Structure formats: structure tokens, C-alpha cells
Amino acid sequence: MDRRLSVVVAVLMVVGVVLFMVQPQPDGKELFRSEGCINCHSFKGEGGEMAPDLTSVTQRRSDEWIRQQIRNSKKHNPDSRMPSFNYLSGRQIDAIIRYLKS
Ligand code: HEC
């Protein structure tokens, strides 16, 4: 391969890795509020009461179960009153789960 081309490719790879590393982490606490989870659920003494308290949910349920509940709660309960948050990215859902573990 042409040497200059190899240098350009190497530089682009480094730039890509750096951009990937500096991506901001989604903020689970912020999402829990902005997505409205807090209107129905309480967490550590703050929030709504129409849905189960989530303070120790990560001790009762696996991450995978919670991920499924957030994406489409009808899979667990066809009569679920919880809306589907299918539009959230995997990273956003993981951030919410990390927050629920905090
Ligand atoms: C409109 C009210 C509402 C909103 C908004 C809502 N939920 Fe729920 N959620 C419920 C209800 C009701 C249940 C009880 C089980 C069911 O009906 O599916 C539930 C169940 C759950 C459970 C299982 C709790 C358990 O004890 O098994 C988790 C985890 C959960 N919700 C997380 C979330 C997260 C995270 C969000 C925000 C992204 C959210 N919920 C938004 C109403 C809501």
C-alpha cells in the first residue's frame, strides 16, 4: 500500500477511537426524570405511587429482565400499564439500570 495512504488510514483510526472514547455517557438519573419513569415509580423515597417502587428492583430482577420491561413491558404482562420505551438506545437503557443499582 502507498505509504501516505497508510498514514492517513492510521490517523483516521486513531481519531475514530478517540471520538468513541469521549462520547458522553448517558445520565441514568436524568433519563429517569426526563422519560417520566419518576411520575409512576418512586426510587429512594422520591416519585410517583401508581407503579412499584424501584428502590431494590435490581436485587429482584436481572438486568436482562429490566431491559425487556423498559423496551416492551407487554412481554411480561399483556395488561401492563407501563408504556414502551423502545426508542431508547441500549446505552441509555444501561444507564438507567446503572442508576437503579446506585
Ligand atoms: C405510566 C406509568 C409508568 C411509567 C411512565 C413507567 N412505568 Fe415502569 N411500571 C409501571 C407499572 C404499572 C408497572 C407494574 C408492572 C406492569 O404493569 O407492567 C411497572 C413496572 C416496572 C418495572 C418492574 C418492577 C417490578 O417490581 O417488577 C420496572 C423495572 C420498571 N417499571 C421500570 C421503569 C422505567 C425504567 C421507566 C422509565 C423509562 C418506567 N418504568 C416508566 C408503570 C410505569
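Please refer to the structure higher up on the page.
The structure presented is a predicted model; accordingly, all values stated were derived computationally and were not measured.

Participant: Just checking my understanding: could you explain the side chain of glutamine 69 for this structure?
Facilitator: As for its position among the elements, glutamine 69 is in helix H5 (residues 63-71). Every residue in contact with glutamine 69, bar those within four places of it in the chain, is listed here: His76, Ser80 and Met82.

Participant: What's the story with the coordination of the iron atom of the ligand in this structure? I'm lost.
Facilitator: Each donor-metal-donor angle would ideally measure 109.5 degrees in four-coordinate tetrahedral geometry, or 90 or 180 degrees in six-coordinate octahedral geometry. Protein coordination at the iron atom of the ligand: the donors are His41 (NE2) and Met82 (SD), at 1.9 to 2.1 Å from the metal. Each of the six donor atoms around the iron atom of the ligand contributes to a set of angles spanning 86 to 179°, which defines the coordination as octahedral. Remark: methionine 82 occurs in the loop between H5 and helix H6 (90-101) and histidine 41 occurs in the loop between helix H3 (37-40) and strand E1 (42-43); sequence separation between them is 41 residues. Judged by relative accessible area, histidine 41 falls into the buried class, the value being 11%.

Participant: Got a minute to help me understand the pattern of salt bridges in this structure?
Facilitator: A pair can form between side chains of opposite charge whenever their charged atoms are brought close. Tallied over the full model, the rule gives four salt bridges. The salt bridge involving arginine 67 is made with glutamate 64; its shortest N-O contact spans 2.7 Å. One end of the pair is arginine 67 and the other is glutamate 64, both in helix H5 and three residues apart, which spans about a single turn. Given the relative accessible area of 21%, arginine 67 is considered partly exposed. Under the relative-accessibility criterion, glutamate 64 is labelled partly exposed at 49%. Among the ionic pairs, aspartate 94 bridges to arginine 67, the shortest N-O distance being 3.3 Å. Of this pair, aspartate 94 sits in helix H6 while arginine 67 sits in helix H5, placing them 27 residues apart in sequence. Here the salt bridges share partners, and the residues they tie into one network are Glu64, Arg67 and Asp94.

Participant: Explain the nonpolar core to me, please; I cannot follow it from the model alone.
Facilitator: Inside soluble globular proteins, nonpolar side chains tend to come together where they are buried. Ranked by internal contacts, the top residues of the largest apolar core, which has 18 residues, are Phe32, Phe43, Leu54, Ile70, Leu88, Ile96 and Leu100. Put simply, the parts of the chain that give this core at least two residues each are helix H2 (28-34), H3, H5 and H6. When residues of this core are assigned to their parent elements, the largest contribution, six residues, is made by H6. In contact with leucine 88, not counting residues within four places along its chain, are Glu35, Ile70, Arg71, Ile93 and Ile96.

Here is what the cut-offs are and how they apply
Residues numbered from 1 in each chain as written. Predicted model: local features only at pLDDT ≥ 70, side-chain atom pairs only at ≥ 80, totals over all residues. Heavy atoms only, no water. Helix = DSSP H or I, 4+ residues; strand = E, 2+ residues; numbered from the N terminus. Contact = heavy atoms within 4.5 Å. Donors = N, O, S within 2.8 Å, 3.2 Å for Na, K, Ca; no water. Tetrahedral: all angles 85-135°; square planar, octahedral: opposite > 155°, others 65-115°. Buried < 20%, exposed > 50% of the residue type's maximum accessible area, 1.4 Å probe, protein only. Salt bridge = Lys/Arg side-chain N within 4 Å of Asp/Glu carboxyl O. Core = buried A, V, L, I, M, F, W, Y, C linked by side-chain atoms within 4.5 Å.

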